[in-house]
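Okay, here's what each chain looks like letter by letter:
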Amino acid sequence: MNIERQCASHHGEMLQGMFQFGEAEPIHALVTMPCAIHKSVARILSRPCSGRLTVVPQYKTKSLNAAHAFLRHFGLPDFNGVVEIRTNAPEELGFGSSTMDVVATIYALATYYSIELDAATVAELSVRSEVASDSIMFDTGTVLFAQRAGRVLDSVPAKLTDVIVVGAKLRSSGVATLHLRMPPYSRGDVEQFERLWFILRAGLETSDKKKIGAVCTESALINQRYRPMPKFDQFLSLAESAGALGCQVSHSGSIAGALFNACDAGDLMAEDFLMRLRVSGIDDVWRYEL
């Protein structure tokens, strides 16, 4: 019997920087922007093959790493079968394509072996598999996630809801995350990021979308100094003129998003913004709703 599990994409970050929070040294962490417009499906084909674990397509090496990490973690023998990955997510744009593949692979193997997994274990295995992981395995609440340590620094039970996101591809080419130098944030930046996390927490807990949007924008602007996104200033200006709550980016990708309140004429504002983007020459655009 074939088994398959899937994992949804994300849309970059609402907040990304460095945080102290009781750590010996400040640590890089992020808050993922939810998005489910893309998905990866991992399918376990348990038929005999070459006598070893195989991933199809073969270039999905991070999924192969994830499968081996799963087997080692649980002390399981080598798996004589195929993990087939199917996805509709474009790669290296900021939708979390590699983490989607990795998480789907881990959950598919867990289902095959009837092993119960918590999100913390999946996060640990994901970081072992790809060095830096997104936090899309945490599907309840919102987490501040150390993407290279594989652990949660803080969390809030609330999630972002009732928001329309208009996204756009702002960079012409993709970005290989592991080839990027980690930003050399200052002590002042760390203090700013910590302040923004507490504002974001409060905004999520009280459904204050203006606070949430403001945090996204401020985080994006800080990171523009270290890892500039082409056309972001233009994107932000058009979004503000269309009444957006704020803008976020994928800090290791090519996409940005503008947030609109779905409960307050947001649909009309979002359509107006889409038109403004296309008129300005930014035409690889999309929208989705949380």
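Structure shown above.
Bear in mind the structure is a predicted one, so any value in this text is a computation, not a measurement.

1. A short note on the overall build of the chain
Along its length, the chain carries 7 helices and 10 strands. Relative to the 2.2 N^0.38 estimate, which gives 19 Å for 290 residues, the radius of gyration of the chain is 19 Å and therefore close to what a compact globule would have. Each principal axis of the C-alpha distribution contributes one length, and for the chain these read about 60 × 45 × 35 Å. Within the chain, the proportion of its 290 residues that are buried is 54%. Pairs at least 24 residues apart make up 73% of the contacts formed inside the chain by residues separated by at least 6 positions.

2. Quick look at helix α6 (residues 232-241)
Since one α-helical turn is 3.6 residues long, residues separated by three or four positions face the same way. Listed in full, the buried residues belonging to α6 are Phe232, Phe235, Leu236, Leu238 and Ala239. All buried residues of α6 lie within an arc of 165 degrees about the axis, which places them on one face of the element. In α6, those exposed residues whose orientation departs by more than 90 degrees from the buried face are Asp233 and Glu240. Looking at the packing, one finds that the buried side of α6 touches β7 (163-169), α5 (209-224), β8 (246-249), β9 (255-261) and α7 (266-280). Immediately beyond the C-terminal end of α6, within one or two residues, lies Gly243, with a positive phi of roughly 90 degrees.

3. With respect to the environment of Leu290
Residue placement: Leu290 occurs in the segment after β10 (285-289). For Leu290, a relative accessible area of 26% corresponds to the partly exposed category. Remark: the alpha-carbon pair of Leu290 and Asp267, spanning 23 residues in sequence, is separated by 12 Å. Other than its neighbours up to four places away in sequence, Leu290 contacts Met33, Pro34, Leu160, Thr161, Asp162 and Val163.

4. Notes on the pattern of salt bridges
Taken as a whole and judged by the stated rule, the model has 14 salt bridges. Its salt-bridge partner being Arg195, residue Glu218 comes within 2.5 Å of it at the nearest N-O pair. With Glu218 in helix α5 and Arg195 in helix α4 (residues 187-206), this pair connects stretches of sequence that are 23 residues apart. Accessibility expressed as a relative area gives 26% for Glu218, which makes it partly exposed. Through salt bridges with shared partners, a single network forms among Glu4, Arg43, Glu84 and Arg86.

5. Looking at helix α1 (residues 61-73)
With 13 residues, α1 ought to run about 18 Å at 1.5 Å a step, and its terminal C-alpha atoms sit 18 Å apart, in line with that. For α1, every residue scored as buried is listed here: Ser63, Ala66, Ala67, Ala69, Phe70 and Leu71. For α1, the elements touching its buried residues are β3 (54-56), β4 (82-87), α2 (97-112) and α3 (119-130). In the stretch just after α1, Gly75 is the one whose phi turns positive, near 65 degrees.

6. Here we look at the environment of Ser63
Relative to the helices and strands, Ser63 resides in helix α1. For Ser63, a relative accessible area of 1% gives the class buried. Sequence separation between Ser63 and Val102 is 39 residues, and the spatial gap between their C-alpha atoms is 4.8 Å.

Each value, and the rule that gives it
Residues numbered from 1 in each chain as written. Predicted model: local features only at pLDDT ≥ 70, side-chain atom pairs only at ≥ 80, totals over all residues. Heavy atoms only, no water. Helix = DSSP H or I, 4+ residues; strand = E, 2+ residues; numbered from the N terminus. Rg over C-alpha atoms; globule rule 2.2 N^0.38 Å. Buried < 20%, exposed > 50% of the residue type's maximum accessible area, 1.4 Å probe, protein only. Contact = heavy atoms within 4.5 Å. Arc of directions from axis to C-beta. Salt bridge = Lys/Arg side-chain N within 4 Å of Asp/Glu carboxyl O. Expected span 1.5 Å × (residues − 1).

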